[in-house]
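A structural walkthrough
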Amino acid sequence: MAYHGYIGFISNYCSRIKEKLNRNIKILEIGVDTGITLFALNNNLNLLSVPFEYTGIDIKVQNHVKVLDYTFMQRFETNKIRVIEENSLKYLNTCDEKFDIIMIDGDHNYKTVREELSHLQKISHENTLVVCDDYAGRWSERDLYYADREGYENNKKATKYHDTEKKGVKNAIDDFLLENKNYEMFTIVQGEPVCL
């Protein structure tokens, strides 16, 4: 995901909470794809003097993304980039870390997004910024499973299709917010993504 229009906001948010937390900013990105967000955040956070630890999860990590940790210049020796080729639901079931920034853009379907969001209490804290893509896009009220996409048919890590009564990313987020009143939703630019 590229989070167009949001990288500056996310980077500045990291800069502000760094002062409050006095430690490396911990970032989780679900759905790394081509690594555009990682490229941009690495650059911005180094320019803003924000030490960070990035964890990216994707069911298919592209070769150029696998070597990013070794190719980026880092301002701080404590910066860490970790990209994991795994299903987000499997990763979240065993994750015991809390993140300051969580970006969700994996499978674009009700079942997966709803389950990813169900882990927020465990992996976030009161200052965590959650950014969910595809809220108002073509997958807002219909499902996409990567297991059904070309190039992913034989990917054992991909979530298989599940027929659910509700469909789409918007419905999953809306239902989560109805049940979790301690989260608020807002947007930075018109359309998507949305922040929690």
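Structure report, in brief.

Reading the values: rules and limits
- Residues numbered from 1 in each chain as written.
- Predicted model: local features only at pLDDT ≥ 70, side-chain atom pairs only at ≥ 80, totals over all residues.
- Heavy atoms only, no water.
- Helix = DSSP H or I, 4+ residues; strand = E, 2+ residues; numbered from the N terminus.
- Buried < 20%, exposed > 50% of the residue type's maximum accessible area, 1.4 Å probe, protein only.
- Contact = heavy atoms within 4.5 Å.
- Areas by Shrake-Rupley, 256 points an atom, 1.4 Å probe, with all protein chains shown as cover.
- Lys, Arg positive; Asp, Glu negative; His and termini not counted.
- Charge placed at Lys NZ, Arg CZ, Asp CG, Glu CD.
- Salt bridge = Lys/Arg side-chain N within 4 Å of Asp/Glu carboxyl O.
- Pairing = 2+ DSSP bridges.

**What about the overall build of the protein chain?**
Looking only at helices and strands, the protein chain features 8 helices and 6 strands. Its helices and strands taken in sequence order, the protein chain reads α-β-α-β-α-α-β-α-β-α-α-β-α-β from the N to the C terminus. Judged by the C-alpha coordinates and their principal axes, the protein chain covers about 45 × 40 × 30 Å. Of all 196 residues assigned to the protein chain, the portion counted as buried reaches 54%. In the protein chain, once contacts between residues fewer than 6 apart in sequence are set aside, the share between residues at least 24 apart is 82%. Of the accessible surface of the protein chain, which amounts to about 9,800 Å², a share of 49% is contributed by carbon and sulfur atoms. Distance between charge centres in the protein chain, computed from 25 positive and 31 negative side chains, equals 3 Å.

**Considering the pattern of salt bridges**
According to the stated counting rule, one finds 10 salt bridges in the structure shown. Across the pair K166 and D175 runs a salt bridge, and its minimum N-O distance is 2.9 Å. For K166, a relative accessible area of 35% gives the class partly exposed. When salt bridges with common partners are traced through the structure, they connect K26, E53, R82 and E97 into a single cluster.

**What to know about the sheet that holds strand β2 (residues 52-58)**
Taken in spatial order, the 6 strands make up an open sheet running β3-β2-β1-β4-β5-β6, and their pairing is mixed. Among the strands making up the open sheet, the edge pair consists of β3 (80-85) and β6 (194-195). In terms of strand pairing, strand β5 (residues 129-132) meets β6 through 2 bridges, oriented antiparallel. By the bridge assignment for β6, C132 is matched with V194.

These results come straight from atomic positions and should not be treated as a statement about function.
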